Amino acid sequence: PIRAPSPRPGRAPVDAVLAIDPFAIQAFLSVVGPIQVAGVAPALTSDNAAQVLLFDQYKAFPEGQGDRHDYLAEVTTQLWQRLVSVPIVSFSLF
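Computed from a predicted structure; not experimentally measured. (Residues numbered from 1 in each chain as written. Predicted model: local features only at pLDDT ≥ 70, side-chain atom pairs only at ≥ 80, totals over all residues. Heavy atoms only, no water.)

## A few points about the confidence of the model for the protein
Residue-level pLDDT values for the protein average 86, and 87% of them are 70 or greater. Within the protein, no element has a lower average pLDDT than helix α3 (residues 65-83), which sits at 92, and none a higher one than helix α1 (residues 22-32), at 94. (pLDDT = per-residue confidence, 0-100. Helix = DSSP H or I, 4+ residues; strand = E, 2+ residues; numbered from the N terminus.)

## Re the side chain of Asn 48
Considering the arrangement of structural elements, one finds Asn 48 in the loop between α1 and α2 (49-60). From its side chain, Asn 48 meets the backbone nitrogen of Thr 45 in a polar contact 2.6 Å long. Those residues in contact with Asn 48 that lie beyond four places of it in its chain are Gln 26, Pro 42 and Ala 43. (Polar contact = N/O pair within 3.5 Å; in protein donor to acceptor, adjacent residues only side chain to side chain. Contact = heavy atoms within 4.5 Å.)

## What about unusual backbone geometry?
For the bond from Ala 41 to Pro 42, the omega torsion is 0 degrees, close enough to zero to count as cis. By the element assignment, Pro 42 lies in the loop between α1 and α2.

## Side note on the layout of surface pockets
Its boundaries defined by the atoms lining it, the largest pocket holds a volume of some 470 Å³. In this structure, the largest pocket is lined by 20 residues; those nearest its centre are Leu 18, Ile 20, Ile 25, Thr 76 and Leu 79. Going through the elements one at a time, α1, α2 and α3 are the ones with two or more residues in the lining of the largest pocket. Examining the composition of the lining of the largest pocket, we find that 10 residues originate from one element, α3, more than from any other. Looking at the lining of the largest pocket residue by residue, the class counts come to 14 nonpolar, 4 polar and 2 charged. (1 Å grid on protein atoms, 1.4 Å probe; cavity = no way out; pocket = protein on both sides within 12 Å on 5 of 7 lines; lining within 4 Å. Points joined across faces, edges and corners; volume = space filled by probe spheres on them. Nonpolar A, V, L, I, M, F, W, Y, C, P; charged D, E, K, R; others polar.)

## Considering the packing of α1 against α3
Any two packed helices are characterised by the angle at which their axes cross and by the distance between the axes. As a packed pair, α1 and α3 sit with axes 10 Å apart at the nearest point and diverge in direction by 50 degrees. Of the possible angle classes, the one that applies to α1 and α3 is oblique. Considering only the axes of α1 and α3, their crossing is left-handed. Residues Ile 25, Phe 28, Leu 29 and Val 32 of α1 pack against Leu 79, Arg 82 and Leu 83 of α3. Looking at side-chain class alone, the contact of α1 with α3 contains 6 nonpolar, no polar and 1 charged residues. (Axes fitted to C-alpha atoms, helices over the stretch in contact; angles between N-to-C directions. Parallel < 35°, antiparallel > 145°, perpendicular 65-115°, else oblique. Left-handed = near helix turned anticlockwise from the far one by under 90°.)

## Quick notes on the packing of aromatic side chains
Two aromatic rings are characterised by how far apart their centres lie and by the angle between their planes. For the coordinates displayed, the defined rule picks out 1 aromatic pair. When the centroid spacing of 5.4 Å and the interplanar angle of 40 degrees are considered together, the rings of Phe 61 and Tyr 71 count as tilted. Linking Phe 61 in the loop between α2 and α3 with Tyr 71 in helix α3, this pair joins segments that are 10 residues apart in sequence. Grouping residues by exposure puts Phe 61 and Tyr 71 together as buried. (Phe/Tyr/Trp six-rings, centres within 6.5 Å; stacked < 30°, edge-to-face > 60°. Buried < 20%, exposed > 50% of the residue type's maximum accessible area, 1.4 Å probe, protein only.)

Take a look at the structure:
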C-alpha cells in the first residue's frame, strides 16, 4: 500500500513525489539547457547527464554522501524551476 510520507520538522508537508531517471533528466536538459552547479564541473548537459548521474558523481564526491546529496538537490531544484517555466507549446522531447 502507498502511504503518505511523514512530515519533516521545519519543512512543508509533501504533496507528491515524482521520480525520474537520469535518461529522462538528459532528455529534459535538451529542452531547458545545461545546469551548472556552483563549484562543480562539468555542467550537466543533454549529452552527459546520464553518465554524470549514474557514474561520475560518485567519483566527484568520494568523501561522503552529504556533498553528493547537496549536488543532486541543486540539480533537481534547477531542473524543476526550468521545467515549470518552459511554455507548454515549446516543450517537445520527440
